[in-house]
Amino acid sequence: MSIEKAPNFLEDIIAEDVRLGKNDGRVLTRFPPEPNGYLHLGHATSICLNFGLGQKFNGQTNLRFDDTNPVTEDTEYVESIQRDIQWLGFQWGNLFYASDYFEQMYAFAVTLIKKGLAYVEDCSAEEIAAMKGTPTEPGKASPSRNRSVEENLELFEAMRAGKFKEGEKTLRAKIDLASPNMHLRDPLMYRIKFAHHHRTGDKWCIYPMYDFAHGQSDSIEQITHSICTLEFEVHKPLYNWFIEQLGIFPSQQYEFARRNINYTVMSKRKLMQLVNEGHVNGWDDPRMPTISGIRRRGYTAASIRHFCELTGISRRENVIDVSLLEYCIREELNKTATRRMAVINPVKLIIDNYEEGKVEMLTGENNPEVEGGGGTREIPFSRELWIEREDFMEEPPKKFFRLGPGLTVRLKHAYIIKCESFVKNEAGEVSEIHCTYFPESRSGQDTSGIQVKGTMHFVSALHALPVQVNLYDRLFKVENPSAEEGDFKSYINEQSLTVVQNAYVEPALRDADPEEKFQFIRLGYFCFDQDSKRDQMIFNRTVTLKDTWAKEAGK
RNA sequence: UGCCCGAUAGUAUAAUGGCAGUACAACUGAUUUUGGUUCAGUUUGUCUAGGUUCGAAUCCUGGUCGGGCAACCA
């Protein structure tokens, strides 16, 4: 088990509340996504936080869809969000929608009108903005501000009844037009939208704004700790104002800093652009930082939870190094992934002194990290093999422990071979490598006494299965695309996906479990793509192995 | 130049007035039939100037730097 996780400041706050007997020691959190896009790693942090706190304090976490803007929302997103949360390994207490509370919210609004704390506004969006002032200048009152309670009630009812066009009227809270907090300068509570809502259909033509929906929803559900990201901090006085004026259950809002990861973007708006403009192949493209994307990439739920645990929670701006994410999946897959051999960039190797037509079956352990090797599989060996083109050099440098004229290496699970010669084609590239093998050096029964520095993987040419392999790299060329000059999309890494059509894998993969994760020895971790078929296998590379030779060679 | 928030190694995160610690990253070396893994080790830090205190990353004051706030988005 991992070491005890350090408590974050929210845990401290909740622990203190429980100790003081606040809400009778009850803890109820909520995860409140708007169903207008797919969940990403930033949401994963929030999910682990909210559900984690619920569990830790013997409480629960509600899933609530914040569906107050019918224009952007859709059931496709509602479904993907539920799937992603469950995949991450969490189960919500209750499933609610803000739209469940539309009738109640309307009644709340009427209450505020009756108390003289809300009024129907005639001005347009532009006029309201113009009268709002600036952070350094107070706002001015609109003529609508002095309407009578009776008139406001009448007009608000007419708004609901569809008597006005979009933009013609709004409902505003009457607070303080001179407040240094812009959100308190008579914020909008309701706007008119003749839009079809994914759940309420055409029942409503007025919809509550975030500020008038979120706190009230929390309160209705008796959420004790409402946790959101830092940009909502300036909304908190308003959140509290509505609750106080309505005299309803006092949920409390707390904020933490949103998660960022380098070499990617993490906002639904930007991810939506990448999808809509075809820069990626959908929300679940393995290059996307969405939950569905990293799942398809081969990341496990446990590795994501571990990542969230390691990154922690704070109120400070941050950009997490993507290498931490990669560490989390490597660490898990090293212990669990089935070892197989695959050749991604093949070149033919011929063992001149190996009998033509002969086939030996070698035995290879499935996972050396598991006690007993995790079982074994048979690996065919024959005269002609595929090896990695990068494993041969015509003029190898000093510390190159692979193949080159006169060099010896071991073929994994097989024999030690010596490179005797090579053949080039018209294009000048190496087309055949000729070797001899040492019959007494067979793996496990080596009596040759020959010492070699390197071990290489291979696939028997006669038995190789041709497959497609998708090699993924970071989606952006720069660490923080959002912080760069100009359009973030101009920093997309054009080499983020390399499709290899003619890779070869060993035959044991033919009967593999579609959910299984693999380590292709010396290459990295791979999983089946969801579009994979038995006779047309497609593998996605989750992450490479650490490669200290690449560093050495790059020097 | 209004209001709010933040600042601890390259990156994150702990230390809640009492030894600045952990992880990732980087670098050495050992082991290794994966240049993987594992093991041992190294490097690197409290934004700044004052103040309070026996003692300050922590409390106070000023400054600097970064972020948020003026959507009929959430």
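Above this note sits the structure.
Note that the coordinates shown come from a computational prediction; the quantities given were computed from them, not determined experimentally.

1. Thoughts on a nonpolar patch on the surface
Now for step 1: Where nonpolar side chains cluster on the molecular surface, the patch consists of V359, M361 and L462 and spans about 280 Å² of accessible area.
Now for step 2: Along the polypeptide, M361 turns up in strand 13 (residues 360-365).

2. Remarks on the side chain of T542
Now for step 1: Take T542: it is sitting in strand 25 (residues 538-544).
Now for step 2: Overall, T542 belongs to the buried group, its relative accessible area being 1%.
Now for step 3: Discounting residues that sit within four places of it in the chain, T542 has contacts with R297, G298, Y299, I329, Y525, F526 and C527.

3. Some details on the sheet that holds strand 5 (residues 170-173)
Now for step 1: Sheet architecture is open: four strands sit in the order 4-5-6-7, paired in antiparallel fashion. Because the sheet does not close on itself, it has two edges, and the strands there are strand 4 (118-121) and strand 7 (206-208). For this sheet, the mean inter-axis angle between neighbouring strands, taken without regard to orientation, is 20°.
Now for step 2: Pairing geometry for strand 5 and strand 6 (residues 188-192), over three bridges, is antiparallel. By the bridge assignment for strand 6, R172 is matched with L188.
Now for step 3: Sitting on the sheet, helix 6 (residues 149-160) is in contact with strand 4, strand 5, strand 6 and strand 7, with an inclination near 60° to strand 4.

4. Some details on the packing of aromatic side chains
Now for step 1: In this structure the tally under the stated criterion is 29 aromatic pairs.
Now for step 2: Look at Y77 and W283: their rings are 6.4 Å apart centre to centre, the planes differ by 80°, and that puts the pair in the edge-to-face class. You can see Y77 sitting in helix 3 (residues 75-87) and its partner W283 sitting in the loop between helix 9 (268-276) and helix 10 (291-297), a full 206 residues away along the chain.
Now for step 3: You can call W283 buried: its relative accessible area is 8%.
Now for step 4: When the centroid spacing of 5.4 Å and the interplanar angle of 55° are considered together, the rings of F381 and Y415 count as tilted. Of this pair, F381 sits in strand 14 (residues 376-381) while Y415 sits in the loop between strand 16 (408-411) and strand 17 (416-424), and the two are 34 residues apart along the sequence. Both residues of the pair, F381 and Y415, belong to the buried class.
Now for step 5: Among the aromatic residues, those joined into a cluster by ring pairs are F102, Y106, F156, Y190, W204, Y207, F212, W241 and F242.

5. Quick word on the protein's contact with RNA strand B
Now for step 1: Not every one of the 67 residues close to RNA strand B is listed here, only the nearest: D12, S314, R316, S443 and Q519.
Now for step 2: The sugar-phosphate backbone supplies 64% of the atoms of RNA strand B found within 4 Å of the protein.
Now for step 3: At a separation of 3.2 Å, a sugar or linking oxygen of RNA strand B approaches a polar side-chain atom of H183.
Now for step 4: Within the side chain of R316, an N or O atom sits 2.4 Å from a phosphate oxygen of RNA strand B.
Now for step 5: If one sorts the elements of the surface near RNA strand B by residue count, helix 12 (residues 322-336) sits on top with four residues.
Now for step 6: Its residues assigned to classes, the surface near RNA strand B shows 23 nonpolar, 21 polar and 23 charged.

6. Comments concerning the packing of helix 4 (residues 102-114) against helix 6
Now for step 1: Interhelical geometry of helix 4 versus helix 6 gives an angle of 160° and a closest axis separation of 9 Å. In terms of their interaxial angle, helix 4 and helix 6 are classed as roughly antiparallel. Between helix 4 and helix 6 the crossing geometry is right-handed. On helix 6, the residues touching E103, Y106, A109, V110, I113 and K114 of helix 4 are V149, N152, L153, F156, E157 and R160.
Now for step 2: Here the contact of helix 4 with helix 6 is composed, by residue class, of seven nonpolar, one polar and four charged.

7. Describing the sheet that holds strand 3 (residues 95-97)
Paired through backbone hydrogen bonds, the strands of a sheet run either parallel or antiparallel to each other.
Now for step 1: With respect to topology, three strands assemble into an open sheet ordered 1-2-3, the strand pairing being parallel. Every other strand in the sheet has two partners, leaving strand 1 (28-31) and strand 3 as the edge strands with one partner each. If you compare each strand with its neighbour and ignore which way they point, the axes differ by 35° on average.
Now for step 2: As judged from the four bridges shared by strand 1 and strand 2 (residues 60-65), these two strands associate in the parallel manner. In the strand pairing of strand 2, R30 is matched with N62.
Now for step 3: Sitting on the sheet, helix 2 (residues 41-56) is in contact with strand 1 and strand 2, with an inclination near 160° to strand 1.
Now for step 4: Lying on the sheet, helix 3 is in contact with strand 1, strand 2 and strand 3; it crosses strand 2 at an angle near 160°.

Conventions and cut-offs
Residues numbered from 1 in each chain as written. Chains lettered and ligands numbered in written order. Predicted model: local features only at pLDDT ≥ 70, side-chain atom pairs only at ≥ 80, totals over all residues. Heavy atoms only, no water. Patch = residues over 30% accessible without salt bridge, like charges linked within 9 Å, V, L, I, M, F, W, Y side chains within 5 Å. Areas by Shrake-Rupley, 256 points an atom, 1.4 Å probe, with all protein chains shown as cover. Salt bridge = Lys/Arg side-chain N within 4 Å of Asp/Glu carboxyl O. Helix = DSSP H or I, 4+ residues; strand = E, 2+ residues; numbered from the N terminus. Buried < 20%, exposed > 50% of the residue type's maximum accessible area, 1.4 Å probe, protein only. Contact = heavy atoms within 4.5 Å. Pairing = 2+ DSSP bridges. Axes fitted to C-alpha atoms, helices over the stretch in contact; angles between N-to-C directions. Phe/Tyr/Trp six-rings, centres within 6.5 Å; stacked < 30°, edge-to-face > 60°. Near = heavy atom within 4 Å. Polar contact = N/O pair within 3.5 Å; in protein donor to acceptor, adjacent residues only side chain to side chain. Nonpolar A, V, L, I, M, F, W, Y, C, P; charged D, E, K, R; others polar. Parallel < 35°, antiparallel > 145°, perpendicular 65-115°, else oblique. Left-handed = near helix turned anticlockwise from the far one by under 90°.

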